[in-house]
Amino acid sequence: MLVLLGFAMIAVFMVLIMTKKLTPVLALIIVPTVFGLFAGAGLGIGDMVMDSMKSMTSTAALLMFAIIYFGLMIDVGLFDPLVRFILRKLGNDPAKVVLGTALLAAAVSLDGDGSTTFILTTAAMLPIYLRLKMSPVVLTCVAGLANGTMNIVPWGGPTARAASALKIDVNEVFVPMIPSLVAGLAVVLVFAWILGLQERNRLRATQPEIWGTPDTAEGFDGGTPAGGGRTGSGGSGRSGRGSAPVPATGGPAIGGSPEGSSVAVLERTEILVDSSDTAMADTALDPNRKTLRPKLQWFNLALTVAVMGMLVADLVPLPYVFMVGSAIALLVNFPHVKDQAAQVVAHAPSIVAVVSMVMAAAVLTGVLKGTGMVEAMSAWLVQIIPSSMGPLMAVITGVLSIPMTFFMSNDAFYFGVLPVLSETAAHYGISAAEMARASITGQPFHMQSPLVPAILLLVSLAKVDLGDHHKKVLWRSAVVALVMLGVGMLTGAIGIH
């Protein structure tokens, strides 16, 4: 009964948020409550949820003050030069922008912390997506895929958990999986390029007067929209002003320099990089926003480097690091109390969205654990595997890791389920190391779970609906996970006995 209720609860939750019948917060509260009462939790369901919520408070504090800090840094202009540099390198081509997003997210993921990866990636790339009228869902999809794939690095968490649970050396788990990691990243980059091409075609279809038409190379020849570098007969391309206004997307208006000439390409690129007043209007990089603090650029950079240094050094709990960092940033950049309060209020919608979701997730995890659903589901999965499939236990574990790490925490899977599966596999001559390697292949899928605070932070910062994110990312993350598992089998890291 608990097994059926557990799987049904997860299925109902996913259907409701992906069809947008309920918001994720409401689904996380209502669905587990109903199924928990059916499971016989009674009035004890309150204690289950509160016990789970205690472990969420530090995460909620971290996300709250991280949103304030990096939101403030965007407002004061810290990331403006970085975005302009990225634009200069990537141009105005959506395909290159999405590919750059994947590369940036993968590189930052080397620190092993998902929250830091999503904060930095969103801060650098979201203004570009908004400026070019690209879909932020593409950003969250690509960033989630890259981070999930990189999550198997030894210091990322899952690999260390698997090694600890099975009492083996972490390098014995990770090193043979390097080819799988490389293959997974290759698939992520392919997905990123395809998504970028789709965005390019969508923009051409919806705004052909700016981006050109699908049957021409126009619009992306020099990394800038079609139409030449000068805005009108007498306007300067650099100024972005003339008889025709610069579109809100950041592309120059139609007409002017001969298309295809090197001069036109150069001038169009200069307009893009120089960011005229109208080009950045209504984005996070609006050059006329009142919160800009150009004189404090170096101070804000030094403060951010110090905060990042504390994150890497791990000397002080992360929530406290962001608390202090936010307080210093507010005090220096906005010395007046009225302005400080205004800044906190300005980021209140993002804070409420992500913190409420973290607290609501405690209902789902509390019910799963408190009613015994997690244990029952794990035991059932072990029991239904027939003895004839014993030699395939490592492969089966890899496949199971995809859905199981999605609806339960890594701790629950690696310390609760994996040892049982590994003990069974040992009877068929399958080593603990092989089981550990197989178990980490599901991480690209795991990182998209609403039980992972970092993904909640990502969709909140990008102002993307979790259901929309799941529609685009889930099947792609499953493909990446299966590719990693397949490459592991081909290289012998995960064997069939």
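Since the model is a prediction, treat every value here as computed from it, not as a measurement.

### Comments concerning the overall build of the protein chain
Move 1: Looking only at helices and strands, the protein chain features 24 helices and 0 strands.
Move 2: Burial analysis of the protein chain (497 residues in total) assigns 56% to the buried set.
Move 3: Long-range pairs, those at least 24 residues apart, make up 77% of the contacts in the protein chain between residues at least 6 apart in sequence.
Move 4: If you sum the accessible surface of the protein chain, you get close to 19,800 Å²; carbon and sulfur atoms cover 69% of it.

### Comments concerning the layout of surface pockets
Move 1: Considering only enclosed or pocket space, the largest pocket measures out at about 1,200 Å³ in volume.
Move 2: Lining the largest pocket are 39 residues, and of these Arg161, Ser409, Asp411, Leu451 and Pro453 sit closest to its centre.
Move 3: With 5 residues, the top contributor of residues to the lining of the largest pocket is helix 17 (residues 348-370).
Move 4: For the lining of the largest pocket, the per-class residue count stands at 17 nonpolar, 16 polar and 6 charged.

### Observations regarding unusual backbone geometry
Move 1: Positive phi is not limited to glycine here, since Lys133 has a value of about 65°.
Move 2: Inspection of the secondary structure assignment puts Lys133 in the loop between helix 7 (114-131) and helix 8 (136-150).
Move 3: Look at Lys133 and you get partly exposed, because its relative accessible area is 39%.
Move 4: Phi angles above zero are rare outside glycine, and Lys463 is one such case at about 55°.

### Some details on the nonpolar core
Move 1: Counting residues in hydrophobic clusters, the biggest one holds 142 residues, and the most contacted among them are Phe322 and Met435.
Move 2: Broken down by element, this core gets its largest block of residues, 12 residues, from helix 17.

### Some words on the pattern of salt bridges
Move 1: Considering all chains together, one arrives at 3 salt bridges under this definition.
Move 2: Between Lys54 and Asp51 there is a salt bridge, and its shortest N-O distance comes to 3.9 Å. Here Asp51 and Lys54 lie together in helix 3 (residues 45-54), a separation of 3 residues that amounts to about one turn.
Move 3: Close ionic contact of Arg200 with Asp93 constitutes a salt bridge, the shortest N to O distance being 2.5 Å. Here Arg200, found in helix 11 (residues 178-206), pairs with Asp93, found in the loop between helix 5 (80-90) and helix 6 (94-108); they are 107 residues apart in sequence, far enough to count as distant.

### Some remarks on the environment of Phe445
Move 1: Along the polypeptide, Phe445 turns up in helix 22 (residues 443-446).
Move 2: Judged by relative accessible area, which is 13%, Phe445 ranks as buried.
Move 3: Contact partners of Phe445, with chain neighbours within four places excluded, come to Ile402, Phe406, Leu474, Ser477 and Ala478.

### Some words on the packing of aromatic side chains
Move 1: For the structure on display, the rule yields 3 aromatic pairs.
Move 2: The interplanar angle of 85° and the centroid separation of 5.5 Å between the aromatic rings of Phe191 and Trp475 together place this pair among those described as edge-to-face. Taken as a pair, Phe191 in helix 11 and Trp475 in helix 24 (residues 466-490) lie far apart in primary sequence, 284 residues in all.
Move 3: The residue whose ring lies beneath Arg476 is Phe191, and the NZ or CZ to ring-centre distance is 5.8 Å.

### Points about the packing of helix 4 (residues 57-75) against helix 23 (residues 453-461)
Move 1: With their axes 11 Å apart at the nearest point, helix 4 and helix 23 run at an angle of 25° to one another. Between helix 4 and helix 23, the crossing angle belongs to the class labelled roughly parallel. As for the relative orientation of helix 4 and helix 23, their crossing is right-handed in sense. Side by side, helix 4 and helix 23 meet where Thr59, Leu63 and Ile67 of the first sit next to Pro453, Leu457, Ser460 and Leu461 of the second.
Move 2: Along the lines of polarity and charge, the residues of the contact of helix 4 with helix 23 split into 5 nonpolar, 2 polar and no charged.

### A word on empty space enclosed by the protein
Move 1: Under the definition given, this model contains 2 cavities of 30 Å³ or more.
Move 2: Its volume calculated, the second largest cavity comes out at about 30 Å³.
Move 3: Lining the second largest cavity are Ile10, Phe13, Leu364, Phe406, Phe407, Ser449, Pro450 and Leu451.
Move 4: Its residues assigned to classes, the lining of the second largest cavity shows 7 nonpolar, 1 polar and no charged.

### So, helix 7
Move 1: Between its first and last C-alpha, helix 7 extends 25 Å over 18 residues, near the 26 Å set by a 1.5 Å rise per residue.
Move 2: At Met125, helix 7 shows its maximal bend, which comes to roughly 35°, and the proline Pro127 appears one to four places after that position.
Move 3: In terms of burial, helix 7 is a largely internal element, 16 of the 18 residues being buried.
Move 4: Directly after helix 7, the chain includes Lys133, whose backbone phi takes a positive value near 65°.

### Thoughts on the environment of Gly488
Move 1: Its location among the elements puts Gly488 in helix 24.
Move 2: Between the C-alpha atom of Gly488 and that of Arg437, which follows or precedes it by 51 residues, the distance is 8.1 Å.
Move 3: Residues in contact with Gly488, not counting those within four places in the same chain, are Ser180, Ala493 and Ile494.

### Notes on the confidence of the model for the protein chain
Move 1: Put simply, the protein chain has an average pLDDT of 78, and 81% of its residues get 70 or more.
Move 2: This model gives residues 221-283 a pLDDT under 50, and the stretch forms 126 contacts once residues within four places in sequence are excluded.

Conventions adopted
Residues numbered from 1 in each chain as written. Predicted model: local features only at pLDDT ≥ 70, side-chain atom pairs only at ≥ 80, totals over all residues. Heavy atoms only, no water. Helix = DSSP H or I, 4+ residues; strand = E, 2+ residues; numbered from the N terminus. Buried < 20%, exposed > 50% of the residue type's maximum accessible area, 1.4 Å probe, protein only. Contact = heavy atoms within 4.5 Å. Areas by Shrake-Rupley, 256 points an atom, 1.4 Å probe, with all protein chains shown as cover. 1 Å grid on protein atoms, 1.4 Å probe; cavity = no way out; pocket = protein on both sides within 12 Å on 5 of 7 lines; lining within 4 Å. Points joined across faces, edges and corners; volume = space filled by probe spheres on them. Nonpolar A, V, L, I, M, F, W, Y, C, P; charged D, E, K, R; others polar. Core = buried A, V, L, I, M, F, W, Y, C linked by side-chain atoms within 4.5 Å. Salt bridge = Lys/Arg side-chain N within 4 Å of Asp/Glu carboxyl O. Phe/Tyr/Trp six-rings, centres within 6.5 Å; stacked < 30°, edge-to-face > 60°. Lys NZ or Arg CZ within 6 Å of the ring centre and 35° of its normal. Axes fitted to C-alpha atoms, helices over the stretch in contact; angles between N-to-C directions. Parallel < 35°, antiparallel > 145°, perpendicular 65-115°, else oblique. Left-handed = near helix turned anticlockwise from the far one by under 90°. Expected span 1.5 Å × (residues − 1). Bend = angle between axes of the 7 residues up to and from the residue. pLDDT = per-residue confidence, 0-100.

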